[in-house]
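Observations on the model geometry
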Amino acid sequence: MQSSNDVGQYVSLAVVNGNPAIAYYNATDGDLLYIRATDVDGASWGAPVVIDTGGDVGRYTSLAVVDGSPAIAYYDATQTSL
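The sections below set out a description of the structure shown in this document. (Residues numbered from 1 in each chain as written. Predicted model: local features only at pLDDT ≥ 70, side-chain atom pairs only at ≥ 80, totals over all residues. Heavy atoms only, no water.)

**Looking at the overall build of the chain**
Helices and strands together make up the secondary structure of the chain, namely 0 helices and 6 strands. Along the chain, helices and strands appear, N-terminal first, in the series β-β-β-β-β-β. Across its three principal directions, the C-alpha atoms of the chain cover 35 × 30 × 15 Å. Residues counted as buried form 28% of the 82 residues belonging to the chain. Put simply, of all contacts in the chain between residues at least 6 apart along the chain, 29% involve residues at least 24 apart. Total accessible area on the chain stands at roughly 4,700 Å², and carbon and sulfur atoms take up 49% of it. (Helix = DSSP H or I, 4+ residues; strand = E, 2+ residues; numbered from the N terminus. Buried < 20%, exposed > 50% of the residue type's maximum accessible area, 1.4 Å probe, protein only. Contact = heavy atoms within 4.5 Å. Areas by Shrake-Rupley, 256 points an atom, 1.4 Å probe, with all protein chains shown as cover.)

In structure tokens form, the structure reads like this:
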């Protein structure tokens, strides 16, 4: 789990396939990340996955489950678009 720098802004939480999951913004690198617990209690977590790194992306995340899969809406500050 990440614990240094300016990581964890604009957090959005959802339950994905029975386990808690989080989408969040890494302000240090300007990236969007996703991480999902490996158990239903959220006691154990997998490694974070970088979803987008194209400039300054990942602000104002909104995590939802769409057709059984995680989906993330977010703001791309580089392109000034959602």
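Having put the structure on the table, let's press on.
**Structural notes on the packing of aromatic side chains**
Applying the stated rule across the entire model yields 3 aromatic pairs. The structure contains a cluster of three or more aromatic residues connected by ring pairs, namely Tyr-10, Tyr-25, Tyr-60 and Tyr-75. (Phe/Tyr/Trp six-rings, centres within 6.5 Å; stacked < 30°, edge-to-face > 60°.)

**Brief notes about the side chain of Asp-76**
Position of Asp-76 relative to the elements: it lies in strand E6 (residues 69-76). Buried and unpaired, Asp-76 has Arg-59 as its nearest opposite-charge partner, separated by 8.5 Å. Of note is the side chain of Asp-76, whose polar atom sits 2.9 Å from the backbone nitrogen of Gln-79. Look past the residues within four positions of Asp-76 in its chain and what remains in contact with it is Gly-54, Asp-56, Val-57 and Ser-81. (Lys, Arg positive; Asp, Glu negative; His and termini not counted. Salt bridge = Lys/Arg side-chain N within 4 Å of Asp/Glu carboxyl O. Polar contact = N/O pair within 3.5 Å; in protein donor to acceptor, adjacent residues only side chain to side chain.)

**Focus on the nonpolar core**
Counting 6 residues, the largest nonpolar core is built from Ala-14, Val-16, Ala-21, Ala-23, Tyr-34 and Leu-63. Those elements giving two or more residues to this core turn out to be strand E1 (7-16) and strand E2 (19-26). In contact with Ala-21, other than residues within four places in its own chain, are Ser-12, Leu-13, Ala-14, Val-16, Tyr-34, Ile-35, Arg-36, Trp-45 and Leu-63. (Core = buried A, V, L, I, M, F, W, Y, C linked by side-chain atoms within 4.5 Å.)

**Describing the pattern of salt bridges**
With the rule as written, the count across this model stands at 1 salt bridge. For the salt bridge of Arg-59 with Asp-56, the shortest nitrogen-to-oxygen distance reads 2.6 Å. Residue Arg-59 is classed as partly exposed on the basis of its relative accessible area of 26%.

**Description of the sheet that holds strand E4 (residues 49-52)**
Here 4 strands make up an open sheet; going across it, the order is E1-E2-E3-E4 and the pairing antiparallel. Taken across any chain shown, the strands that pair with only one partner, and hence form the sheet edges, are E1 and E4. With direction set aside, neighbouring strand axes in the sheet form an average angle of 25 degrees. (Pairing = 2+ DSSP bridges. Axes fitted to C-alpha atoms, helices over the stretch in contact; angles between N-to-C directions.)

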